[in-house]
Amino acid sequence: MPHSYNPSDIIRPEVLALKAYHVPPATGMVKLDAMENPYALPQALQSEISSIAAAAPINRYPDPNATDLKTALRKALIIPDQMDVMLGNGSDEIIQIIAMATARPGAIVMSVEPAFVMFRMIATFANMQYTGVPLTADFALDLDAMLEAIARHHPAVIFLAYPNNPTGNLFDESTILKIIEATPGIVVIDEAYHAFADASVIGKLADYPNLLLMRTLSKLGLAGLRLGLLIGRPAWLSEFEKLRLPYNVSILTQRVTQTVLRHMDVLLNQAELIKNERVRLHAQLSAIDGLKVFPSDANFILFRVNNAGDLFHKLKQRNILIKNLDRTHALLDNCLRVTVGTPEENTQFITALKTLLLSVK
Ligand SMILES: *Cc1c(COP(=O)(O)O)cnc(C)c1O
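Scoring rules and cut-offs
- Residues numbered from 1 in each chain as written.
- Predicted model: local features only at pLDDT ≥ 70, side-chain atom pairs only at ≥ 80, totals over all residues.
- Heavy atoms only, no water.
- Helix = DSSP H or I, 4+ residues; strand = E, 2+ residues; numbered from the N terminus.
- Rg over C-alpha atoms; globule rule 2.2 N^0.38 Å.
- Buried < 20%, exposed > 50% of the residue type's maximum accessible area, 1.4 Å probe, protein only.
- Contact = heavy atoms within 4.5 Å.
- Areas by Shrake-Rupley, 256 points an atom, 1.4 Å probe, with all protein chains shown as cover.
- Lys, Arg positive; Asp, Glu negative; His and termini not counted.
- Charge placed at Lys NZ, Arg CZ, Asp CG, Glu CD.
- Axes fitted to C-alpha atoms, helices over the stretch in contact; angles between N-to-C directions.
- Parallel < 35°, antiparallel > 145°, perpendicular 65-115°, else oblique.
- Left-handed = near helix turned anticlockwise from the far one by under 90°.
- Nonpolar A, V, L, I, M, F, W, Y, C, P; charged D, E, K, R; others polar.
- Near = heavy atom within 4 Å.
- Polar contact = N/O pair within 3.5 Å; in protein donor to acceptor, adjacent residues only side chain to side chain.
- 1 Å grid on protein atoms, 1.4 Å probe; cavity = no way out; pocket = protein on both sides within 12 Å on 5 of 7 lines; lining within 4 Å.
- Sits in = over half its atoms within 2 Å of the grid points.
- Points joined across faces, edges and corners; volume = space filled by probe spheres on them.
- Phe/Tyr/Trp six-rings, centres within 6.5 Å; stacked < 30°, edge-to-face > 60°.
- Lys NZ or Arg CZ within 6 Å of the ring centre and 35° of its normal.
- Pairing = 2+ DSSP bridges.
- Patch = residues over 30% accessible without salt bridge, like charges linked within 9 Å, V, L, I, M, F, W, Y side chains within 5 Å.
- Salt bridge = Lys/Arg side-chain N within 4 Å of Asp/Glu carboxyl O.
- Domains from an automatic or database assignment.
- Buried area = accessible area lost by both parts, 1.4 Å probe.

Novice: Where do I start with the overall build of the protein in this structure?
Specialist: Within the protein one finds 14 helices and 13 strands. The C-alpha radius of gyration of the protein comes to 21 Å, within 12% of the 21 Å expected for a compact globule of 361 residues. Looking at the 361 residues of the protein, the share that counts as buried comes to 50%. Of the contacts formed within the protein by residues at least 6 apart in sequence, a portion of 72% connects residues at least 24 apart. A total accessible area of about 17,200 Å² is found for the protein, and carbon and sulfur atoms account for 55% of it. In the protein, the 33 positive side-chain charges and the 35 negative ones have mean positions that sit 4 Å from each other.

Here you go:
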């Protein structure tokens, strides 16, 4: 053989250095690690979905523009008429499209630290530089540090999750707006947790020419369908559309989502249940000695313990899966993140947590 084929000679060094995104196995676990909605759809709606799926012409390619689905989304999410909508296979794909489109040589993606890890990962996928500006100790935006970093790096794109993941808080809106004004590039506000937050920048789109808004149906209850949205001015979205693969939203996702959107009240009621449980879970966690519990406007709660790694593993041994954030960032020392589940799941989690904390003492 004339060649010895070695991936390290062919694959980009940044890719060789990456670790694949790890999703832990969760069969049989109380799954409180991934911000999923814990509730199933009502039986009648499940049956409606069955017939819709059965009748879908899956031998044909789907509508590449998903026109009917977009109409339904515009109505359900009250999207301003002047704004365009682009759909992604989850909002992860939208982040990737934005990165591909802006990856000029030397272009910089900026976010905060700690932030949603896909911002950094996808910047790397697209051969872009990434800069993360640390939040303050209480996870607020550090405006001075942001303005300084913007002036120094001239980021092509800033991603800010609102509420933030993994911290759960909403940033101050006026600070966000100052960042948008100071940025020579675009600012993408990622409202993945909008359903749990009573806040949005959707009303600001008309005022800020470099503002884009991202939403997803994943946290609201359709994580398995993979559907994310980018909302913004046609001037930006028409460019991003060129990079969207034509059939990125399957016919099943299109048809099933349209069906569920006709019963949007079901999802919104489930979000209300989750918000109520968030209040209870937060109170119960706060009542435990030695825990520092952070405020949340999302469907998860971040808290700090004395020995996060140990507690995480012992919970896992008891079939309760949450997220260990210890050692992922200095501000997240000994921090764990729990998704709000059903009342039963949350009680199981709290009971196990209390037992373990007592046995450690
Ligand atoms: C979960 C999450 C997403 C990803 O959503 P998908 O639409 O499922 O890809 C995006 N942004 C943030 C901040 C998230 O937490």
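Novice: What am I meant to see in the packing of helix α5 (residues 91–102) against helix α6 (residues 117–125) here?
Specialist: Each pair of packed helices can be summarised by the angle the axes make with each other and by the distance between the axes. In contact at an axis separation of 9 Å, α5 and α6 are set at 40 degrees when each is read in the N-to-C sense. Of the possible angle classes, the one that applies to α5 and α6 is oblique. For the element pair α5 and α6, the recorded crossing hand is right-handed. Between α5 and α6, the residues in contact are D92, I95, Q96 and A99 and M118, F119 and I122, respectively. A class-by-class count of the residues in the contact of α5 with α6 yields five nonpolar, one polar and one charged.

Novice: What's the story with the site of the ligand in this structure? I'm lost.
Specialist: D190, Y193, T216, S218 and K219 are the nearest of the 13 residues found near the ligand. Take D92: an N or O atom from its main chain is 3.0 Å from an oxygen atom of the ligand. One of the side-chain nitrogen or oxygen atoms of R226 is found 2.7 Å away from an oxygen atom of the ligand. When the free accessible area of the ligand is taken as 390 Å², the share hidden by the protein chains comes to 94%. When atom positions are compared with the pocket grids, the ligand is found to occupy the largest pocket. Every element with two or more residues in the shell around the ligand is listed here: α5 and α9 (218–222). Taken together, the residues of the shell around the ligand sort by class into four nonpolar, five polar and four charged.

Novice: How should empty space enclosed by the protein be read in this particular structure?
Specialist: Which parts of space are left empty comes out when a probe the size of a water molecule is rolled across the atoms. Evaluation of the coordinates by the stated rule reveals one cavity of 30 Å³ or more. Around the largest cavity, the lining comprises 13 residues; the ones closest to its centre are P64, A66, R244, N248 and V249. The residue inventory of the lining of the largest cavity, partitioned by class, reads six nonpolar, three polar and four charged.

Novice: Teacher, can you tell me more about the packing of aromatic side chains here?
Specialist: The geometry of an aromatic ring pair comes down to the distance between the two centres and the angle between the two planes. Scanning the entire structure with this criterion turns up six aromatic pairs. Judged by centre distance (4.4 Å) and plane angle (20 degrees), the rings of Y61 and Y247 are stacked. Remark: Y247 occurs in the loop between α10 (234–241) and α11 (251–261) and Y61 occurs in the loop between α3 (43–55) and α4 (67–77); sequence separation between them is 186 residues. Here Y247 falls in the partly exposed class, since its relative accessible area comes to 39%. Taken together, the aromatic side chains of F116, F119 and F159 make up a single cluster linked through ring pairs. One cation-aromatic arrangement involves R337 over F300; the distance from NZ or CZ to the ring centre is 5.7 Å.

Novice: Help me understand the sheet that holds strand β4 (residues 129–134), please; the structure alone is not making it clear to me.
Specialist: Two pairing modes exist for strands in a sheet, parallel and antiparallel, and in both the strands are linked by backbone hydrogen bonds. Taken in spatial order, the seven strands make up an open sheet running β2-β8-β7-β6-β5-β3-β4, and their pairing is mixed. Both edges of this open sheet fall to β2 (84–88) and β4, since each of them pairs with a single strand only. Ignoring which end each strand starts from, the neighbouring axes of this sheet average 25 degrees apart. Both strand β6 (residues 186–190) and strand β7 (residues 211–216) contribute to a ladder of four bridges, which runs parallel. Each bridged residue has a counterpart across the sheet, and for V188 the counterpart in β7 is L212.

Novice: I keep staring at a nonpolar patch on the surface and nothing clicks. Help me out?
Specialist: A cluster of nonpolar side chains, I10, I11, V15, L16, L18 and F125, forms an exposed patch at the surface whose accessible area comes to about 490 Å². Structurally, F125 can be placed in helix α6. Looking at F125, the relative accessible area reads 32%, which means it is partly exposed.

Novice: Any chance you could explain the domain arrangement of the protein here in plain terms?
Specialist: In many reports, interface size means the accessible area that the parts give up when they come together. Partitioning the protein into domains gives domain 1 (7–41 + 265–359) and domain 2 (59–263). At the junction of the two partners, domain 1 supplies 29 residues and domain 2 supplies 32 residues. Here domain 1 and domain 2 share an interface that buries about 2,600 Å² over both sides, 67% of which is from carbon and sulfur atoms. For the domain 1 face of the interface with domain 2, the top three residues by lost area are L267, D297 and L331, together amounting to 23%. D198 is the partner of K275 in a salt bridge, and the nearest nitrogen-oxygen pair spans 3.4 Å. Put simply, domain 1 and domain 2 have nine residue pairs in polar contact (both at pLDDT 80 or more) between them. For the side of domain 1 that touches domain 2, the secondary-structure elements that each account for two or more residues are α12 (264–286) and β10 (300–304). Top contributing element to the side of domain 1 that touches domain 2 by residue count: α12, with seven residues. Of the residues assigned to the side of domain 1 that touches domain 2, the class counts are 17 nonpolar, four polar and eight charged.

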